[in-house]
Amino acid sequence: MSKTIRGLPEWANLLLKVLFVMIFPLSVEGTNLLQFIFLPTSGLLFAQLENHSFQVLHFFTLIAILGTVLRNFFIGILIAFPGIYYSYKLSRVSVNRSYWKQGLGTAIAIYFLAFGMFFYLRMNIYTPEFYWDRGLWVFLQRIGQYTTLVMGVFIILPLVQRQAVIISSPSELHYCSMSEIESYPKLNISREKILSAIFWLILCFGPMLFAQRPYGAIDTTGALYSSLLSTYIFDINVNRHTGSLILIFMCTMNDYSIIPIFALMSAFHFAFVRDTYRYLRKTITRQRLLSMAVFSSIFPLILLSGIYVPMLSFSIPLPIPLLQIVGLVLVRLHRPIVDQVDRVWNDDRSKMWWEKDDREHPKEVHIDSTPERPHRHREEIIVVPVTYLFISRIRQLNRRLRH
């Protein structure tokens, strides 16, 4: 792991990514947009610090805070380690090798690892004084949300960006790894990686279902938007005394316990992402891409209809084809970098796609002087024995004497 990325060793780059995931807010709630300027410290790294009193920061309080942060850091590293290793390994295998099954296995490993950690800490939720530790319970909830975010950052994101590297590089380089292709200075793949990052954001955090909240007080209404990794809730509370409206917004990462359901709902969303890049590689038709776009948008509704119809107290959700719209826009924004990468010319020399064609720009050869002896091919040279030449000269002399 000595390779440098943007001036940093790769291990440092991965560590910074893990720290970002640890401090990323896992739950945000507010009634004013100005409240979101200062995002709450609801990440895993600073979980359970609200139990400490910050009014008097003496030595033992600082030791307790440091111990809590270190505990959260090591637990976060332990849960994210399979994803970190998968992301590292994915950047070093050939891009023409399928690696999504290994990603699914890594996600399952992270799931059961987090479940074991949750069960172990759950046994200690009651302290020896036999009272309920609310801080530890909040920390357990954040472990479940943090696990979901780890799957999205260290498994789904590298897989999507890998597809961007494939479509922005010639097929002759697909035997190389992702890191090797990115190291080529003449390959400009940053634009495709930015588009793939937007595609990943919509896949993981873009709402795919809308449902009206059927529960709450009489004077409360609201809407629920669900995505693969997060859930958004908009509530409007009516103050009976003043008649004013209060908008409440809540965004929470989905707990890892319900991720299998959301993953099943998003199964054809993943298939649509795959078909989008397959279409850009011209391996499927436009009709296949459009059919997958339609079916993937309504599949969550088909799956949940069997769950919600027997439960009459719940409203039927409506699909939101946001991912499909973004995917079709990405197809329009794509700029093919390599033309005819799969076409082979037998009479041309082997060269990279960025090299100039010698037929379009022939090189001029400047000759300073005419050579004394022209260069002839070896097959054009006739070798005559010396004895034959000698006899021929004698015969010519004899003819001249007779005449």
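It should be noted that the structure appears before, not after, this text.
A brief report on the enclosed structure follows. All values reported here derive from a predicted model rather than from experimental measurement. Residue indices begin from 1 for each chain and proceed along its sequence in written order. Reporting in this predicted model follows two pLDDT cut-offs: at least 70 for local features of residues, and 80 or more for side-chain atom pairs to be given and counted; totals over whole chains, interfaces and linings ignore these cut-offs and use all residues. The side-chain quantities take in all heavy atoms of the structure and omit both hydrogens and water.

### Some details on the environment of glutamate 192
Part 1 of the argument: Numbering of helices and strands starts at the N terminus; helices are DSSP runs of H or I of at least 4 residues and strands are runs of E of at least 2. Relative to the assigned elements, glutamate 192 resides in helix H6 (residues 190-205).
Part 2 of the argument: Three exposure classes are used, based on accessible area relative to the maximum for each residue type with a 1.4 Å probe and protein chains only: buried under 20%, partly exposed in between, and exposed over 50%. Owing to a relative accessible area of 4%, glutamate 192 belongs among the buried residues under this scheme.
Part 3 of the argument: C-alpha separation for the pair glutamate 192 and arginine 335, spaced 143 residues apart in sequence, amounts to 8.7 Å.

### Some remarks on the packing of aromatic side chains
Part 1 of the argument: A pair of aromatic rings is counted whenever rings of Phe, Tyr or Trp (Trp by its six-membered ring) have centres within 6.5 Å, and the orientation is called stacked for planes under 30 degrees apart, edge-to-face for over 60 and tilted otherwise. A complete count under the given rule lists 15 aromatic pairs for this structure.
Part 2 of the argument: Ring geometry for phenylalanine 199 against tyrosine 277: centres 6.2 Å apart, planes inclined by 55°, an arrangement best described as tilted. Of this pair, phenylalanine 199 sits in helix H6 while tyrosine 277 is found in helix H8 (residues 267-280), placing the two residues 78 residues apart along the sequence. As far as the burial class goes, phenylalanine 199 and tyrosine 277 line up, both buried.
Part 3 of the argument: Centre to centre, the rings of phenylalanine 268 and phenylalanine 295 are 4.7 Å apart; their planes meet at 90°, and the pair counts as edge-to-face. With a gap of 27 residues between them, phenylalanine 268 in helix H8 and phenylalanine 295 in helix H9 (residues 286-308) connect regions that are remote in the sequence.
Part 4 of the argument: In this structure phenylalanine 295 comes out as partly exposed when scored by relative accessible area, which is 33%.
Part 5 of the argument: Connected via pairs of aromatic rings, a cluster forms that spans Tyr111, Phe112, Phe118 and Tyr256.
Part 6 of the argument: Sitting over the ring of phenylalanine 139, arginine 71 keeps its end group 4.2 Å from the ring centre. A ring is considered to have a charge above it if a Lys NZ or an Arg CZ atom is located within 6 Å of its centre and within 35 degrees of its normal.

### Section: the environment of histidine 269
Part 1 of the argument: As for its placement among the helices and strands, histidine 269 is situated in helix H8.
Part 2 of the argument: Residues histidine 269 and phenylalanine 299, spaced 30 residues apart in sequence, show a C-alpha to C-alpha distance of 8.9 Å.
Part 3 of the argument: N or O atoms within 3.5 Å of each other form a polar contact, as long as, within protein, one can give a hydrogen and the other can take it, and as long as residues adjacent in sequence are counted only when both atoms are side-chain atoms. A distance of 3.1 Å separates a polar side-chain atom of histidine 269 from the backbone oxygen of serine 296.

Remember that the coordinates give geometry; whether it matters functionally is a separate question.
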